[in-house]
Amino acid sequence: MTSAQVDTDQAPEEGYERGLGSRQVQMIAIGGAIGVGLFLGAGANIAKAGPSIILMYALAGVIIFFIMRALGELLLYRPVSGSFAEYSREFLGPFFGYFTGWTYWLMWVVTGMAELTAAAIYIHYWFPDIPQWVSALVFLVLLFVANLISVKLFGEIEFWFSMVKVTAIIGMIVIGIGVITFGFSQAGDTAAVSNLWEFDGFFPKGIGSSLMTLQGVMFAYLAVELVGVTAGESENPEKTLPKAINTLPWRIALFYVGALTVILAVVKWTEFAEGVSPFVEAFAVIGIPAGAGIVNFVVLTAALSSCNSGMYSTGRMLRTLADNGEAPRVFNKLSSTKTPAIGISVSVVFMAIGVVLNYLVPEKAFGYVTSVATAAGIWTWLMILISHVLYRRKVVAGRLPASSFPAPGGSVCSYIAIAFLLFVTCLIAYDADSRICLYVMAGWAVALGIGWAVLKSRNPKITERPGEPEFEKIG
């Protein structure tokens, strides 16, 4: 056995409890692909693009599959918690590992803010008199306590949150097909597949307007890479991770393309608006007793599920950064239940900024935080893809062992995905409303650059690539 293979075998042992079983990893993967970006954000995207939004979700879904297969190949080469930062560190250098780790942490902190905002909006459906910031604060505290207890509790909560989401979407699809086919319910007279093109065509506002929704569509897919963070706490990553990744295409086809196709056939696209869940609106139009309330509960669980995942991943990423001397050593400590409690706690303090935003600008809070989260997510995905390309080069050169889960097409699909993500970044820069996130990211980059300079002055060895000479000897 080569020295690199020894490292691969030993990498997963990081002190965590391997408390995530196959069913939990599968549901975390499924739940990661169904979040508030679909349940709430799709309303604004439908209003901007009409039925063509279906094509945008499908196109983005293909790119997401390319990203996940690239990540899957890396995960089976070396399964570690905090994977994206580790692969960036190995293949691009310590600074990129540092930058990616902190940026992924930022992405989840900001996403947590978005999910808390969405959850507070959903509570308004039943209790309009409760201020958004109060609901957001209550949910923040409840999920924080659950994450401190154990990874098993996190996995179990995520399993049932995801089960609720999956059941609801499948139910929506079945009911919608029934309405279209048999014409029952209040929507029976107007529901028809022709709704997808009868109201000013499939691209009612032009192809350009449809493409502009891609930035919002990509936000809907944030968290699919969470499977990579679970690698260090999965009972059998060699079996569970490939299975979770390979089921991604049918999940996207069913939960995004299928659900939106049915909804837009049942309810004409002109009925949807920003801030209104298309699922809640569809059930309200169909006229099922208490249906809209039920779906509102479902989308509430979707928001809480994503926030729950955010707390989980931020604590793990801070611990990875601490392990490499890129964050305070205190984040390296595990609690008696083997959770990175200090990292989770600090992350929750920053997520509480979302509560403040809900107090100051409740009507704009969701839009602000989703654009920043998307920009941070695009950086993370780019690092996964570039790391994959560099890994493939080393495998071809015989300097690293091949993964047991190679991506189809080698590096070709990764290059396509890189070009697509750069295109979406250009769209963000073109849009005046979302452009603010690039300013935020520029400020973030400056702050991280200053932090890196300080780290280098204190510990010059931090810039070294551990293990690189050893890799050179392989083959």
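Residues numbered from 1 in each chain as written. Predicted model: local features only at pLDDT ≥ 70, side-chain atom pairs only at ≥ 80, totals over all residues. Heavy atoms only, no water.

### Let's talk about the packing of aromatic side chains
Moving on, step 1. Taken as a whole and assessed by the stated rule, the structure comprises 19 aromatic pairs.
Moving on, step 2. Consider the rings of Y98 and W452, whose centres lie 5.0 Å apart with planes at 40 degrees: the pair is tilted. Taken together, the residues span a long stretch of sequence, with Y98 in helix α7 (residues 94-126) and W452 in helix α20 (residues 436-458) at a distance of 354 residues.
Moving on, step 3. Centroid distance W250 to F255: 6.1 Å. Interplanar angle 55 degrees. Geometry classified as tilted.
Moving on, step 4. Among the aromatic residues, ring-to-ring pairing joins F95, F96, Y98, F99, W379 and W452 into one connected group.
Moving on, step 5. Directly above the ring of F405 sits R69, whose terminal nitrogen or CZ lies 4.1 Å from the centroid. (Phe/Tyr/Trp six-rings, centres within 6.5 Å; stacked < 30°, edge-to-face > 60°. Helix = DSSP H or I, 4+ residues; strand = E, 2+ residues; numbered from the N terminus. Lys NZ or Arg CZ within 6 Å of the ring centre and 35° of its normal.)

### Some thoughts on the packing of α7 against helix α8 (residues 132-149)
Moving on, step 1. Interaxial distance between α7 and α8 falls to 8 Å at its minimum, and their mutual angle equals 120 degrees. In terms of their interaxial angle, α7 and α8 are classed as oblique. Once α7 is placed against α8, the crossing between them reads as right-handed. Only Q132, S135, A136, F139 and L140 of α8 make contact with α7, whose side of the interface consists of L116, T117, A119, A120, I121, I123 and H124.
Moving on, step 2. Here the residues of the contact of α7 with α8 sort into 8 nonpolar, 4 polar and no charged. (Axes fitted to C-alpha atoms, helices over the stretch in contact; angles between N-to-C directions. Parallel < 35°, antiparallel > 145°, perpendicular 65-115°, else oblique. Left-handed = near helix turned anticlockwise from the far one by under 90°. Contact = heavy atoms within 4.5 Å. Nonpolar A, V, L, I, M, F, W, Y, C, P; charged D, E, K, R; others polar.)

### Comments concerning the pattern of salt bridges
Moving on, step 1. Inspection of the entire model under this criterion finds 4 salt bridges.
Moving on, step 2. Taking the shortest distance from any N to any O, the salt bridge between R78 and E90 comes out at 2.9 Å. Here R78 is found in the loop between α5 (53-77) and α6 (83-91), whereas its partner E90 is found in helix α6, with 12 residues between them in sequence. In this structure, R78 and E90 share a single accessibility class: buried.
Moving on, step 3. Taking the shortest distance from any N to any O, the salt bridge between R89 and E86 comes out at 2.7 Å. (Salt bridge = Lys/Arg side-chain N within 4 Å of Asp/Glu carboxyl O. Buried < 20%, exposed > 50% of the residue type's maximum accessible area, 1.4 Å probe, protein only.)

### What about the side chain of T213?
Moving on, step 1. When you line up the elements, T213 lands in the loop between α10 (206-212) and α11 (214-220).
Moving on, step 2. The residues touching T213, leaving out its near neighbours within four places in the chain, are N45, K48, A49, I53 and M56.

### Overview of the nonpolar core
Moving on, step 1. Membership of the largest hydrophobic core comes to 145 residues, with the highest contact counts inside it found for I64 and W381.
Moving on, step 2. Excluding residues that lie within four positions of it along the chain, W381 makes contacts with I64, I67, M218, Y221, L222, E225 and L421. (Core = buried A, V, L, I, M, F, W, Y, C linked by side-chain atoms within 4.5 Å.)

### Side note on α7
Moving on, step 1. When the terminal C-alpha atoms of α7 are compared, their 49 Å separation across 33 residues agrees well with the 48 Å that a helix rising 1.5 Å per residue should span.
Moving on, step 2. Counting buried positions along α7 gives 27 out of 33 residues, so the element sits mostly inside the fold. (Expected span 1.5 Å × (residues − 1).)

### Concerning the side chain of T100
Moving on, step 1. Tracing the chain through its elements places T100 in helix α7.
Moving on, step 2. Note on T100: relative accessible area 1%, which makes it buried.
Moving on, step 3. Looking at T100, its side chain comes within polar contact range of the main-chain oxygen of F96, at 2.7 Å.
Moving on, step 4. Residues in contact with T100, not counting those within four places in the same chain, are F84, A85, S88, W379 and M383. (Polar contact = N/O pair within 3.5 Å; in protein donor to acceptor, adjacent residues only side chain to side chain.)

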